[in-house]
Amino acid sequence: MIASDTNSPPIPPPAPAAGLRWAAALRRLDPASLVMAVATLVLFFLVLYPVFWLFYGSFAYGDQASSGTVLSQFWQLPGLARAFWNTIELLLGAVPLSFLFALPLVWIVARTDTPLKGLIEIAALLPFITPPLIGAVAWALLAAPRTGLINVLARQMGAAAPVLNIYSMSGLIFVMS
């Protein structure tokens, strides 16, 4: 034996051909996973393709290309900046308040053995089922500054000013939550 033969590393086995590796990988795939992957890709296409054109169309107008002129003209509209900041204020108020309302209910339903668990679960679905017009009319009847039931009762009990004003930003944040 030669001294260099004992110190040499072992020769690795030859790598399988690329086609054999793909065939082995495909055999290991679950057919259900393959169907789910294809369905996900189709769903992404069916959702994202129209959203892309909607987004593109919102910045292009007629024969104009998607330049900054349309967007700059849009931002020059009177009242748009105020509406934008009102929306941001509503978002920053309603989202945290919604979390404060929802998290205790979620914890009660998920972690305790409360007797009214089913009722709480159904009540959480009611905003998705009832039309928004019903909620808007109900809150207007309850908390309108002059004619709302809550404010009328508060005035009869001695309140000088409306207790709730559904038409203010704080009232809107409360209703949205």
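Each chain has its residues counted from 1, following the order in which its sequence is written. Owing to the predicted nature of the model, reporting of local features is limited to residues with pLDDT of at least 70; listing and counting of side-chain atom pairs is limited to 80 or more, with chain, interface and lining totals taken over all residues. Working from all heavy atoms in the structure, the side-chain values ignore hydrogens and water.

## Some points on the overall build of the chain
Here is step 1: Looking only at helices and strands, the chain has nine helices and zero strands in total.
Here is step 2: Numbering of helices and strands runs from the N terminus; a helix is a DSSP stretch of H or I covering at least four residues, while a strand is a stretch of E covering at least two. Each helix (α) and strand (β) of the chain, taken in turn from the N terminus, gives the series α-α-α-α-α-α-α-α-α.
Here is step 3: For the chain, with 177 residues in total, the buried portion stands at 8%.
Here is step 4: The criterion used for residue contact is that any of the two residues' heavy atoms lie within 4.5 Å. Across the chain, every contact between residues at least 6 apart in sequence was considered, and the portion connecting residues at least 24 apart equals 32%.
Here is step 5: Total accessible area on the chain is roughly 14800 Å²; 75% of this is exposed by carbon and sulfur atoms. Partly exposed residues are those whose accessible area sits between 20% and 50% of the maximum for their type, while under 20% is buried and over 50% is exposed, using a 1.4 Å probe and protein chains only. Using a 1.4 Å probe, accessible areas were evaluated by the Shrake-Rupley method; residue-level cover was limited to the displayed protein chains.

## Thoughts on the packing of helix α7 (residues 132–143) against helix α8 (residues 149–156)
Here is step 1: For helices, the axis comes from a line fit to the C-alpha atoms of the stretch in contact; other axes are also lines fit to C-alpha atoms, and the angle between any two N-to-C directions lies between 0 and 180 degrees. Running from amino to carboxyl end, α7 crosses α8 at an angle of 10 degrees, the nearest separation of the two axes being 3 Å. Between α7 and α8, the angle is such that the two are roughly parallel. In this structure, α7 contributes L141, L142 and A143 to the contact, and α8 contributes L149, I150 and N151.
Here is step 2: All residues other than Ala, Val, Leu, Ile, Met, Phe, Trp, Tyr, Cys, Pro, Asp, Glu, Lys and Arg, Gly among them, are scored as polar; the first ten of these are nonpolar and the last four charged. For the contact of α7 with α8, the per-class residue count stands at five nonpolar, one polar and no charged. Any angle that is under 35 degrees is reported as roughly parallel, and any over 145 degrees as roughly antiparallel; angles of 65 to 115 degrees are reported as roughly perpendicular and all others as oblique.

## Describing the packing of helix α5 (residues 80–111) against helix α9 (residues 169–176)
Relative orientation and spacing of two packed helices are given, respectively, by the angle between their axes and the distance between those axes.
Here is step 1: For the pair α5 and α9, the least separation of the axes is 8 Å and the interaxial angle reads 45 degrees. Relative to α9, the element α5 lies oblique. In this structure, the crossing between α5 and α9 has a hand that is right-handed. Facing N86, E89, L90, G93, A94, L97, S98 and F101 of α5, the residues of α9 in contact are M169, L172, I173, F174 and M176.
Here is step 2: In terms of residue class, the contact of α5 with α9 is made up of nine nonpolar, three polar and one charged. Throughout, a crossing is termed right-handed when the near helix is turned clockwise from the far one, and left-handed when it is turned anticlockwise from it by less than a right angle.

## Considering the environment of V152
Here is step 1: Along the chain, the position of V152 falls in helix α8.
Here is step 2: Sequence spacing of V152 and V163 is 11 residues, and the spatial spacing of their C-alpha atoms is 9.2 Å.
Here is step 3: Leaving out residues up to four positions away in the same chain, V152 has contacts with R146 and T147.

## What about the side chain of N151?
Here is step 1: Note that N151 resides in helix α8.
Here is step 2: Among the polar contacts listed, one links the side chain of N151 to the backbone nitrogen of V163, at a separation of 2.8 Å.
Here is step 3: Not counting chain neighbours up to four residues away, the residues in contact with N151 comprise L142, A143, A144, P145, P162, V163 and L164. Pairing of N or O atoms within 3.5 Å defines a polar contact, subject to two protein rules: one partner must be a possible hydrogen donor and the other a possible acceptor, and residues neighboring in sequence count only if both atoms are side-chain atoms.

## Observations regarding the confidence of the model for the chain
Regions with low pLDDT carry predicted coordinates that are not meant to be interpreted in detail.
Here is step 1: Think of pLDDT as the predictor's per-residue confidence, scored from 0 to 100. Confidence along the chain averages 85 in pLDDT terms, with 86% of residues attaining 70 or more.
Here is step 2: Across the chain, element-level confidence peaks in α8 with a mean pLDDT of 94 and bottoms out in helix α1 (residues 3–7) with 59.

## So, the environment of A102
Here is step 1: Position of A102 among the secondary structure elements: in helix α5.
Here is step 2: In this structure the C-alpha to C-alpha distance between A102 and A124, which are 22 residues apart in sequence, comes to 8.9 Å.

## A look at the packing of aromatic side chains
Here is step 1: In this analysis, rings of Phe, Tyr and Trp, with Trp reduced to its six-membered ring, are considered paired at centre separations within 6.5 Å, and the interplanar angle assigns stacked below 30 degrees, edge-to-face beyond 60, and tilted for intermediate values. Summed over the entire model, instances satisfying the criterion amount to nine aromatic pairs.
Here is step 2: Measuring from ring centre to ring centre gives 6.4 Å for F52 and Y56, while their planes differ by 20 degrees; the resulting arrangement is stacked. A residue pair is termed a helical-turn pair when its members lie 3 or 4 positions apart in one helix, as F52 and Y56 do in helix α3 (residues 31–59) at four residues.
Here is step 3: Its relative accessible area of 35% is what places Y56 among the partly exposed residues.

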